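Residues per chain, in single letters:
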Amino acid sequence: MDKIELKDAFAEFKNQKNIDRPTMMGVLEDVFRTQITKTYGSADNFDIIINIDKGDCEIYWNREVVEEVEDPNTQIALAEVNEDGDDYEIGETFAKKVELKDFGRRGILNIRQNLQGRIMDIEKANLYNKYVGKIGEIFTGEVYQTWSKEVLILDEDGNELRLPKSEQIPGEHFKKNDTVRAIIKSVEMKNNTTPYIVLSRTSNEFLEKLFEQEVPEIYDGLITIKKVVRIPGERAKVAVESYDERIDPIGACIGVKGSRIIGIVRELRNENIDVLQWTSNTQLLIQRALNPAKISSLIQDPEDENKIKVYMLPDEVKKGIGKGGCNIKLASMLVGKEIEVWRELDLNEEGDEEDVLLTEFSNEIEPWIIEKLQNIGCDTAKSVLAIAPEDIAKRADLEDETVEDVLKILRAEFED
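What counts, and where the lines are drawn
Residues numbered from 1 in each chain as written. Predicted model: local features only at pLDDT ≥ 70, side-chain atom pairs only at ≥ 80, totals over all residues. Heavy atoms only, no water. Buried < 20%, exposed > 50% of the residue type's maximum accessible area, 1.4 Å probe, protein only. Helix = DSSP H or I, 4+ residues; strand = E, 2+ residues; numbered from the N terminus. Contact = heavy atoms within 4.5 Å. Pairing = 2+ DSSP bridges. Axes fitted to C-alpha atoms, helices over the stretch in contact; angles between N-to-C directions. Parallel < 35°, antiparallel > 145°, perpendicular 65-115°, else oblique. Left-handed = near helix turned anticlockwise from the far one by under 90°.

### Structural notes on helix H11 (residues 326-335)
Here is step 1 of the chain: Among the 10 residues that make up H11, eight are buried, leaving the element largely enclosed by the rest of the structure.
Here is step 2 of the chain: For H11, the complete set of buried residues consists of Cys326, Asn327, Ile328, Leu330, Ala331, Ser332, Leu334 and Val335.
Here is step 3 of the chain: In this structure, the buried side of H11 is in contact with strand E10 (223-231), strand E11 (235-242), strand E12 (272-277), helix H9 (282-289), helix H10 (314-321) and strand E15 (338-343).
Here is step 4 of the chain: One or two residues past the end of H11 sits Gly336, with phi positive at roughly 85 degrees.

Here it is, written out as structure tokens:
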């Protein structure tokens, strides 16, 4: 029975485990030598012959033939050897075949358990090495199970990969058997358990890889993606550059009638993607990043080199800031500087000569509130009154009551 169980164990590892033959042979020999050492005290004078295909092994105990035994592990008496009619002489080597039953049932169990443990360790290492070399690549798999905090996805070999909620695009919902594309973000070994493989659909690298797949010129290196910034599920900006003047990098990325970019947009749940041409000229890059808004002028903050003030006409401010401040936030991320949008007064427009700067209300409105309003492009009373109260509260991160108090003060100015 013990031999049958061991043979079954061999067959299981041979047929089900993705381990090369030399590695398997080495593991099996090491496991048997470990058990021999436990049983006999040493394995130095034992030969182990393993046949994986037959699921069998032969073990021979080699001892020197002597007249009088001093070490039973390495020596055997001449009388004992020749009692069956053999004709050994002193100094020769006597090889005795060790049967599996000689290890006892506990020994057989130890061999099997140790073999299972070693094979599992090798599998973990192989899985870790396989995916750690694929970090940053796109993975496509099938949803096996969904939970509130993550989605479990299986690869073609049944290995588990995780897509945490934090790495999912807001509003995404998956169900069993759905096909999912994501980038391999990280591979970790935690407490000697199975490697924890994390996927991401929100990383900038995922969007970059999607462009590589859809745009041959990027894959071939004719167009370079200089920088990608995203607010997942909302909007993204991709700055590209071509070293060949004959190639229009923006047109190549978008495709005829949007044929190339439409697939990327759909993959990202209709995330708006702005493709713009990269430039090392910061002012020009800001103008392109804030498109479709038109900039009247830019001023570098004299007190902070990482802050730039952008002035726009009233009709352009809303477009420059974008829904929920999305456009200005992405532009700042792309340029690597804090961009503030300021409303430029146009005194030629009817009624604008009656507008009042917010700084004139510093005795009634606290300076920090005025600063927050200025940061969303409102630097005059009428520019604040032109925005819905709920939008002011959201964009300027102010309490509803605070916004209402400010509006009362500003309205009173024009009622008087």
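The structure having been displayed, the exposition proceeds.
### Here's the deal with the side chain of Ser383
Here is step 1 of the chain: Looking at where Ser383 falls in the secondary structure, it is placed in helix H13 (residues 381-385).
Here is step 2 of the chain: Overall, the relative accessible area of 7% leaves Ser383 in the buried class.
Here is step 3 of the chain: With residues near it in sequence (within four places) discarded, Ser383 still touches Arg343, Asp355 and Cys378.

### Section: the sheet that holds strand E14 (residues 307-312)
Here is step 1 of the chain: Ordered by their spatial adjacency, three strands build an open sheet running E13-E14-E15, and the pairing between neighbours is mixed. In this open sheet, the two edge strands, each paired with only one partner strand, are strand E13 (297-300) and E15. Between one strand axis and the next, the sheet turns through 25 degrees on average, direction left out of account.
Here is step 2 of the chain: Pairing of E13 with E14, which is carried by four bridges, proceeds in the antiparallel orientation. Residue pairing for E14: Ile299 is matched across the bridge by Lys309.

### Digging into the packing of H9 against H11
A pair of packed helices is characterised by two quantities: the angle between their axes and the separation of those axes.
Here is step 1 of the chain: In the contact formed by H9 and H11, the axes pass within 9 Å of each other and the chain directions differ by 150 degrees. Classified by the interaxial angle, the pair formed by H9 and H11 is roughly antiparallel. For H9 against H11, the interelement crossing comes out right-handed. Of H11, the residues touching H9 (which contributes Thr282, Leu285, Ile286 and Ala289) are Asn327, Ala331, Leu334 and Val335.

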